[in-house]
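Summary of the model geometry
Residues per chain are reported as follows:
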Amino acid sequence: MDGQLTFLGTGTSMGVPTLGCTCAVCTSPDPHDRRLRPSALIRWNEPDARERTVVIDTGPDFREQALGASLTRVDAVLYTHSHADHILGLDDLRPLSFAAFREGGPIPLYATAETTAVLEHIFSYTFSPDATYPNRARVRLVPVAERNPIHGVDFLRVPVLHGQMEIVGYRFGSAVYLTDVSEIPESSFALLEGLDHLVLSALRFKPHPSHATVDQALGWARRIGARHTWLTHIAHELAHEATNQTLPAGVALAYDGLTVPVTL
Ligand SMILES: [Zn+2]
Ligand SMILES: [Zn+2]
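This text gives an overview of the structure that appears in the document. (Residues numbered from 1 in each chain as written. Chains lettered and ligands numbered in written order. Predicted model: local features only at pLDDT ≥ 70, side-chain atom pairs only at ≥ 80, totals over all residues. Heavy atoms only, no water.)

**Remarks on the overall build of the protein chain**
How we decide: Strands are runs of DSSP state E lasting at least two residues, helices are runs of H or I lasting at least four, and both sets are numbered from the N terminus onward. Every radius of gyration here is taken over C-alpha atoms, with the globule rule written as 2.2 Å times N^0.38, N being the number of residues. Think of it in three bands: with a 1.4 Å probe and only protein chains considered, a residue is buried below 20% of the maximum accessible area for its type, exposed above 50%, and partly exposed in between. Each accessible area is a Shrake-Rupley estimate made with a 1.4 Å probe; only the visible protein chains count as cover when residues are assessed. In this tally, Lys and Arg are treated as positive and Asp and Glu as negative; His is ignored, and so are the chain termini. Lysine's charge is taken at NZ, arginine's at CZ, aspartate's at CG and glutamate's at CD.
A count of helices and strands for the protein chain gives seven helices and 14 strands. The C-alpha atoms of the protein chain give 18 Å as radius of gyration, which agrees with the globular expectation for 264 residues (18 Å, within 12%). In terms of its C-alpha atoms, the protein chain occupies a principal-axis envelope of roughly 50 × 45 × 35 Å. The buried share of the protein chain, taken over its 264 residues, is 55%. About 11,600 Å² of surface is accessible on the protein chain, with carbon and sulfur atoms providing 52% of the total. Taken together, the 21 basic and 29 acidic charged side chains of the protein chain have centroids lying 4 Å from each other.

What follows is the structure in structure tokens.
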């Protein structure tokens, strides 16, 4: 099946420009140097049905990203982990969830047990059995399985490490989305064969305890050998054009709004 992958946001947790910063990237006139918090959108047409849309992570910029992508419905959300830059936009699912609820029920949110616990805590007015807020999001938490079928597309769980924490990457068809990676366990490489599109996080050149550098990401990209590798979750140390000129063929920094065709 043909689908599309859109990068809704390619910035690191603080976004680029970073508040209060006057560096060359934060003040750059190049629109590719403006990066919202990390998120992605997968769309496809389900045979004999309608267009389906799945969002990976709803960060603090989700509302603006949904407006930019003309997103009018969400069929499911896949969460990678519970950090603020990946979850804080959950509440902005509310208007979309009312429509979804009328048509078929609450929007499923796929999350690990650890992410579920954080979501239930932060958004207790949404998830608590005692919640009385009438306009809360119509959503339901679903445990992430090895294989998560959503309207005809299988989303496979790909375990990766983010510092000490095991988090979730997702493979769909010939594409995979791995964000906030500091290490890829050996056992996960088997899930990364035959890729057209590999999305990998790469924060900057300087080492960081819980994020890969550009050089680490390039090492994995070489081993995995996808046709295209897109780097995301990018900090303000990396200027779009100047960095792209240093990257090998087939590897590039992604940017907000970039859409690539994917085979699902
Ligand atoms: Zn992050
Ligand atoms: Zn800056």
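**Regarding the environment of Ala242**
Along the chain, the position of Ala242 falls in helix 7 (residues 240–246). A sequence separation of 159 residues divides Ala242 from His83, and the C-alpha atoms of the two residues are 29 Å apart.

**Describing the side chain of Thr80**
Condition: Counting of polar contacts relies on pairs of N or O atoms within 3.5 Å, with two restrictions inside protein: one atom must be capable of donating a hydrogen and the other of accepting it, and residues adjacent in sequence are counted only when both atoms are side-chain atoms.
Its place among the elements puts Thr80 in the loop between strand 4 (76–78) and helix 2 (84–87). Separated by 2.9 Å, the side chains of Thr80 and His81 make a polar contact.

**A short note on the coordination of the zinc ion (ligand 1)**
Let me state the cut-off plainly: Coordinating donors are taken to be N, O and S atoms lying within 2.8 Å of the metal, or within 3.2 Å when the metal is Na, K or Ca; because water is excluded from the atom set, some sites may appear incomplete. Irregular is the default label, applied whenever a site is not tetrahedral (four donors, all angles between 85 and 135 degrees) and neither square planar nor octahedral (four or six donors, opposite donors over 155 degrees apart, all other angles between 65 and 115).
In the first shell of the zinc ion (ligand 1), the protein supplies Asp85 (OD), His86 (NE2), Asp180 (OD) and His233 (NE2), at 2.1 to 2.2 Å from the metal. Seen from the zinc ion (ligand 1), its four donor atoms lie at angles of 91 to 167°, and the figure they make is irregular. Sequence spacing of the donor residues for the zinc ion (ligand 1), all on one chain, is D-H-x93-D-x52-H. Separated by 148 residues along the polypeptide, Asp85 in helix 2 and His233 in the loop between strand 12 (228–232) and helix 7 bring together distant segments of the chain. Each member of the pair, Asp85 as well as His233, carries the same accessibility label: buried.

**Observations regarding the coordination of the zinc ion (ligand 2)**
Distances from the zinc ion (ligand 2) to its protein donors, Cys21 (SG), Cys23 (SG), Cys26 (SG) and His236 (ND1), fall at 2.1 to 2.3 Å. Here the zinc ion (ligand 2) binds four donor atoms, and the angle range of 102 to 116° at the metal identifies the geometry as tetrahedral. As a motif over one chain, the donors of the zinc ion (ligand 2) read C-x1-C-x2-C-x209-H. What makes Cys23 partly exposed here is its relative accessible area of 24%.

**Points about the packing of aromatic side chains**
Two aromatic rings are characterised by how far apart their centres lie and by the angle between their planes. So the rule is basically this: Stacked, edge-to-face and tilted are the three classes for Phe, Tyr and Trp ring pairs, Trp counted by its six-membered ring, which pair at centre distances within 6.5 Å; planes under 30 degrees apart are stacked, over 60 edge-to-face, the rest tilted.
Summed over all chains, the structure comprises five aromatic pairs. The interplanar angle of 70° and the centroid separation of 6.1 Å between the aromatic rings of Tyr125 and Tyr133 together place this pair among those described as edge-to-face. On the basis of relative accessible area, Tyr125 is assigned to the partly exposed category, the value being 33%. You can call Tyr133 partly exposed: its relative accessible area is 33%. Judged by centre distance (5.6 Å) and plane angle (40°), the ring pair of Phe155 and Phe172 falls under tilted.

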